[in-house]
Amino acid sequence: MKSKIFGLLSLSILSLVILSGLVSAASLSVDSDSIEFPDSINHDDGSFDIVFDLTNEGIEATTLDWENAGSQASQDATISFSQDTIGAGTDTDPNTETITATVNFASHKSGNIVVDIKGDADGVGGEFELDTIIVAILDSSELSVSSSEISQEETSTTITIKNEGNVDLTSITLTDSGDFEISFNQSEPFNLIAGATETIEVTMTTDADDLELGTNSVTITATSGDVSATGNVSIEKSFCDYDNKGELEINIKDISNDGFSNKKFGDDDEWFPLEEIEVEVEIENTGNHDIDDIEVVWGLYDEDAKEWIIEEEESDFNLADGKEKTLILNFKLDDVDEFENNGDYVFYVKATGKIDANDETYDGDDTCASDSERKNIIIESDFVVIDEVEFPETVQCGSEVQILADVWNIGDDDQDDIEIYVVNAELGINEKIEIDDINAFDNEKLEVTIKIPQGMDEKWYTLTFYVYDEDNDLYETDHDDDKAEFRIPIQVLGNCEVESTALVSPVLESGGKAGEKLVVKATITNTGNELVNYVLSATETDWASAVEFGETAIVLGAGESKDVLVTLDVNKDVSGDKVFNINVLNSDGELITKQPVSVLIEKSSGFNFEGLIQDNWYLWVIGAVNIILVIIIILVAVRVARK
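To keep things clear, this report deals only with the structure shown in the data block. Keep in mind that what you see is a predicted model, and the values were worked out from it rather than measured.

Across its full length, the protein chain carries three helices and 45 strands. Taken against the 2.2 N^0.38 rule, which gives 26 Å for 643 residues, the C-alpha radius of gyration of the protein chain at 50 Å runs more than 25% over that of a compact globule. In terms of overall dimensions, the protein chain has C-alpha extents of about 170 × 130 × 50 Å along its principal axes. Looking at the protein chain as a whole, 37% of its 643 residues are labelled buried. Sequence separation of 24 or more characterises 68% of the internal contacts of the protein chain that already satisfy a separation of 6 or more.

This paragraph deals with the pairing of strand β44 (residues 576–585). Where strand β40 (residues 532–539) meets β44, five bridges bridge the pair, whose relative direction is antiparallel. If you follow L536 over to β44, its bridge partner there is V584. Across 10 bridges, β44 lies against strand β45 (residues 591–601) in antiparallel orientation. Bridging across to β45, N581 finds its partner in P596. Hairpin connection from β44 to β45: five residues lie between these consecutive antiparallel strands, with G589 at a positive phi of about 80°.

This brings us to the sheet that holds strand β37 (residues 485–492). Taken in spatial order, the five strands of this open sheet run β31-β37-β36-β33-β34, and their pairing is mixed. The open sheet has two free edges, formed respectively by β31 (394–395) and β34 (429–435), since each of these has just one partner strand. Both β31 and β37 contribute to a ladder of two bridges, which runs parallel. For T394, the partnering residue across the bridge sits in β37 and is Q491.

Moving on to the pairing of strand β7 (residues 95–104). Looking along a regular strand, one sees the side chains alternate between the two faces of the sheet. As paired strands, strand β3 (residues 47–56) and β7 are joined by 10 bridges and run antiparallel to one another. Bridge pairing links N56 to N95 in β7. One ladder, built from four bridges, connects strand β6 (residues 78–81) with β7; its direction is antiparallel. Following the sheet pairing, I79 is matched in β7 by V103.

Moving on to the side chain of D120. Relative to the elements of secondary structure, D120 occurs in strand β9 (residues 118–121). Discounting chain neighbours no more than four positions away, the residues touching D120 are T63, L64, D65, A69, G125, G126, E127 and F128.

A few words on the environment of D478. With respect to the helices, strands and loops of the structure, D478 is situated in the loop between β36 (460–468) and β37. Residue D478 is classed as exposed on the basis of its relative accessible area of 65%.

Moving on, we get to the state of the cysteines. A full pass over the atoms with the stated rule returns two disulfides. Residue C240 pairs covalently with C368 via a disulfide, S to S 1.9 Å. Residues C240 and C368 are joined through a disulfide that is left-handed, its torsion about the S-S bond being -75°. With C240 in the loop between β20 (227–237) and β21 (248–259) and C368 in strand β29 (residues 366–377), this residue pair connects regions lying 128 residues apart in the sequence. Overall, C240 belongs to the buried group, its relative accessible area being 7%. One disulfide bridge connects C397 with C496, the sulfur atoms lying 1.9 Å from each other. The S-S bond linking C397 to C496 shows a torsion near 85°; that makes this disulfide right-handed.

Scanning all chains against the criterion turns up 19 salt bridges. Between K245 and D365 there is a salt bridge, with the nearest N and O atoms lying 3.4 Å from each other. Pair noted here: K245 is in the loop between β20 and β21 and D365 is in the loop between β28 (345–356) and β29, with a separation of 120 residues, a long-range link. The exposure class of D365 is partly exposed, given its relative accessible area of 23%. Through salt bridges that share partners, D269, E373 and K375 make up one connected network.

Position of S177 relative to the elements: it lies in strand β15 (residues 169–178). Here S177 falls in the partly exposed class, since its relative accessible area comes to 46%. Sequence separation between S177 and T221 is 44 residues, and the spatial gap between their C-alpha atoms is 8.7 Å. Not counting the four nearest positions on each side in its chain, S177 is found in contact with V218 and T219.

What counts as what
- Along each chain, residue indices are assigned from 1 in the same order as the chain's sequence is written.
- Thresholds applied to this predicted model are a pLDDT of at least 70 for local features of residues and 80 or more for the giving and counting of side-chain atom pairs; totals over whole chains, interfaces and linings are not thresholded and use all residues.
- Working from all heavy atoms in the structure, the side-chain values ignore hydrogens and water.
- Each helix corresponds to a stretch of at least 4 residues labelled H or I by DSSP, and each strand to a stretch of at least 2 residues labelled E; elements are numbered beginning at the N terminus.
- Radius of gyration: C-alpha atoms only; globule rule: 2.2 Å multiplied by the number of residues to the exponent 0.38.
- Categorising residues by exposure relies on relative accessible area from a 1.4 Å probe, with only protein chains included: less than 20% of the type maximum marks a residue as buried, more than 50% marks it as exposed, and the intermediate range marks it as partly exposed.
- Here, residues are in contact when the closest pair of their heavy atoms is within 4.5 Å.
- When DSSP finds two or more bridges between a pair of strands, those strands are recorded as paired.
- The disulfide definition used here is simple: a pair of cysteine sulfur atoms within 2.5 Å.
- A carboxyl oxygen of Asp or Glu within 4 Å of a side-chain nitrogen of Lys or Arg is what we treat as a salt bridge.

Given below as structure tokens:
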């Protein structure tokens, strides 16, 4: 009996253990339809992802063991997983979580990457695995050539040729083209396995003195079959020919654009052809020895064309140690056709001299320092300007003045049917000049004669030149919408006092109140000794609405006089002292005399019914309406009272 009881007890305990094991294990599985990964990759992608859904129908797995379970990848790739735990679930309520496995691999691999992903819940069971995953690596044939620079003191440098792909390359050859000649230490074709490099020594065989100023470069091409790549080897040719043993310093302190023909189109960094440029340069001896016979050389260099647009030099001078000197350099961009390239321009300046070191190491050696600034020269498509305007410094009243100028097409398109107007309202000048066609970067001469009237004030006047295109539009820049208007000052001085042959004697005949007519009798007398045709006019009459002469043209013999009435309609709001001029001109329109006439205007006074009606008509209408309403009200009241 005891043994039977013991057996039943043992069976019960075993059942409990089995049941306990069932509820204390993880149950993990992968849905094969959820697995996502790329079919192929590039050799230099570095990584790719495998994404799948992992389901747990048991207890929580606090540690998912991927590595010990046997997850691995070929091609020395490594695998990392987005998580190493999964929460609990049941068969009726499973827990599914998305896992990302990232496969990391090195460049230059070829073939396939084979990935096996396995896992289990460490300590609680639940092993699982995915079907083997195969991802193809695409073939790539690619080369690269590094770039390098040869320092000014050297003649060689090294570059690196690299097989950037994952396919071995054979029979690689090197070729070159550019500003100078070079040679390679590797003259025979060579091979490179995927990812391998070859270091090549490049030597300049051209004499350094034959190099162009600025950057000189050679393009090197590496080729293997259909695969090729390029790199550059460059050398910077200094403006200086000597080392700076004397410790000179030269600095461009300021560059200013002064424009041309009293007009500025560009700015200090962007220039137009023909503009005048001023450069301030400072030279300093920062060494311990005097430097003698210092010469400053400067110019504007076209880097694309490899030629000087401007090249000048300054006089020699000496600088003791610690001393400095400032120079002002001026030049004009007048070689217009040299700017057709619209290229890169550099302003260079250098100072060279001899070291006075009192028989020390560098005594008598040359030394040099330089500085430079890049500038942009703007070339418009359509732009015509006026330059080099020539005329007398002063002109006299009554004289004819010849004006000469250059008309420049500083755009890169030919221009047709150009018109130029010369205008000054005070001098009564409005001249039109037609210019023949002007080719790009070419010029034509302008010649015009203007007449300075008699009797003008002796002062400075401004002549304005307007330049119009064939469509009668004023030329303007695309750069900043500046217009082709050029203002040239001209001084009128001398012979401006008019010798009068007419005397004007004005007398007030009637009027003198605001809003009324004012009549002045002007007695015109010929004080000359011959018959003269006179023309009369009035100016400075803005305080009158109208001016009328009894006669505007009269003929007087020597010593004869004639009375002419001048009637002015005085404005209603005028009062006080007013002045107007009676002008007497000859038959050619030249002013003979100008007689100011002063009158006193009284304010309008008294009752003016007509004016009152005209000025306040709306008040009269309102008053009339009110009176009518009062009458109607009275009539209605009387009728009501009778009833």
